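For reference, the chains in residue letters:
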Amino acid sequence: MGKRDNRVAYMNPIAMARSRGPSQSAGPTIQDYLNRPRPTWEEVKEQLEKKKKGSRALAEFEEKMNENWKKELEKHREKLLGGNESSSKKKEKKEKKKSNRLSSSSSSSSSSDSSSSSSDSDDEDKKQGKKRRKKKYRSLRKSSESSTSDSESDSKDSTKKKKSKEEHEREKDNKSLSRKRKKIDRGNGPLSSESLSESDPTEEVSVKIRSRFQLLVQVKKKKNSEEREKVTDKTKKRKKHKKHGKKKKKKTAGSSSDSE
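Because the structure is a prediction, the values reported are computed rather than measured.

**Some details on the overall build of the chain**
Counting its regular elements, the chain contains six helices and zero strands. If you list the helices and strands of the chain from N to C, you get α-α-α-α-α-α. Element-wise, carbon and sulfur atoms account for 53% of the exposed surface of the chain, whose accessible area totals about 26,400 Å².

Take a look at the structure:
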């Protein structure tokens, strides 16, 4: 199965436009725009002079608008000035009322100052008591935190010591096992009952596994030796049989030559 041909022919858009010919547009062309009717220089001068002179009606309308605008501005100014005067009067009245209130409150404040001074002293005593309590609480908290940190450090040290002891004991056990294994390899025999009773249970298990492994190795060696012996016996028998056949052939050949 071949690939599908998806190629498309290239079409030059300029060549296509030329082949179609000039487009029939509905609107005016550039030539129509260039050939439009234009005014002469004299007509242009007349239009400029008319603009400079302007129309009298427009000038009269502008003057009336300016007058009306001036009148509105004057009214607005009068209102603002009247409002400012009224506001100044209101401010004066308020200041008088405040002065009266202050004079009445000054007499009452002298009596309240004595009571406030006593209340201030009580508040200061309370604040000092609170500060002392906070200091005691902080000191107790710091002491408890220090004790907890000491206990944690002691516990960490104890755990580290225990781990180091356990590792040391494991190393000793591994060394003792390696020594006993070397002895077993040298003797090539099972350990005595006394040595087994003295050793640890883990050592006993390892010794049993080693003894079983040695027995299996010995059995395999015996089987391999028996198979080798059988193979050697067979090869010997074959060689003997071949020699006997050669001798017979020689005898038959010699007897045939004598008879002739």
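**Structural notes on the confidence of the model for the chain**
Here the chain shows a mean pLDDT of 78. Residues at 70 or above account for 78%. Within the model, the stretch residues 189–199 combines pLDDT values under 50 with 10 contacts to residues more than four positions away or in other chains.

**What about helix 3 (residues 41–53)?**
Under the 1.5 Å per step criterion, the end-to-end length of helix 3 is 19 Å for 13 residues, consistent within 8% with the ideal 18 Å. Directly after helix 3, the chain includes Gly54, whose backbone phi takes a positive value near 70 degrees.

**As for a nonpolar patch on the surface**
Where nonpolar side chains cluster on the molecular surface, the patch consists of Ile30, Tyr33 and Leu34 and spans about 370 Å² of accessible area. Mapped onto the elements, Tyr33 comes out in helix 2 (residues 30–34).

**With respect to a negative patch on the surface**
Together, Asp120, Asp122, Asp123, Glu124 and Asp125 make up a region of like negative charge exposed at the surface. Topologically, Glu124 is positioned in helix 4 (residues 56–187).

**Details of the pattern of salt bridges**
Per the stated rule, a full pass over the model turns up two salt bridges. Two residues, Arg7 and Asp5, come together in a salt bridge whose shortest N-O distance is 3.0 Å. On the accessibility criterion, Asp5 (54% relative accessible area) is exposed. For Arg141, the salt bridge identified is with Glu145, shortest N-O distance 3.9 Å. Note that Arg141 and Glu145 are positioned in helix 4 at a spacing of four residues, about one turn of the helix.

**Details of the packing of aromatic side chains**
Enumeration according to the criterion identifies zero aromatic pairs in this entry. Cation over ring: Arg36 sits above Tyr33, and NZ or CZ is 4.3 Å from the ring centre.

**Section: helix 1 (residues 13–20)**
In terms of burial, helix 1 is a largely surface element, zero of the eight residues being buried. At the C-terminal side of helix 1, Gly21 shows a positive phi close to 95 degrees.

Calculation rules
Residues numbered from 1 in each chain as written. Predicted model: local features only at pLDDT ≥ 70, side-chain atom pairs only at ≥ 80, totals over all residues. Heavy atoms only, no water. Helix = DSSP H or I, 4+ residues; strand = E, 2+ residues; numbered from the N terminus. Areas by Shrake-Rupley, 256 points an atom, 1.4 Å probe, with all protein chains shown as cover. pLDDT = per-residue confidence, 0-100. Contact = heavy atoms within 4.5 Å. Expected span 1.5 Å × (residues − 1). Patch = residues over 30% accessible without salt bridge, like charges linked within 9 Å, V, L, I, M, F, W, Y side chains within 5 Å. Salt bridge = Lys/Arg side-chain N within 4 Å of Asp/Glu carboxyl O. Lys, Arg positive; Asp, Glu negative; His and termini not counted. Charge placed at Lys NZ, Arg CZ, Asp CG, Glu CD. Buried < 20%, exposed > 50% of the residue type's maximum accessible area, 1.4 Å probe, protein only. Phe/Tyr/Trp six-rings, centres within 6.5 Å; stacked < 30°, edge-to-face > 60°. Lys NZ or Arg CZ within 6 Å of the ring centre and 35° of its normal.

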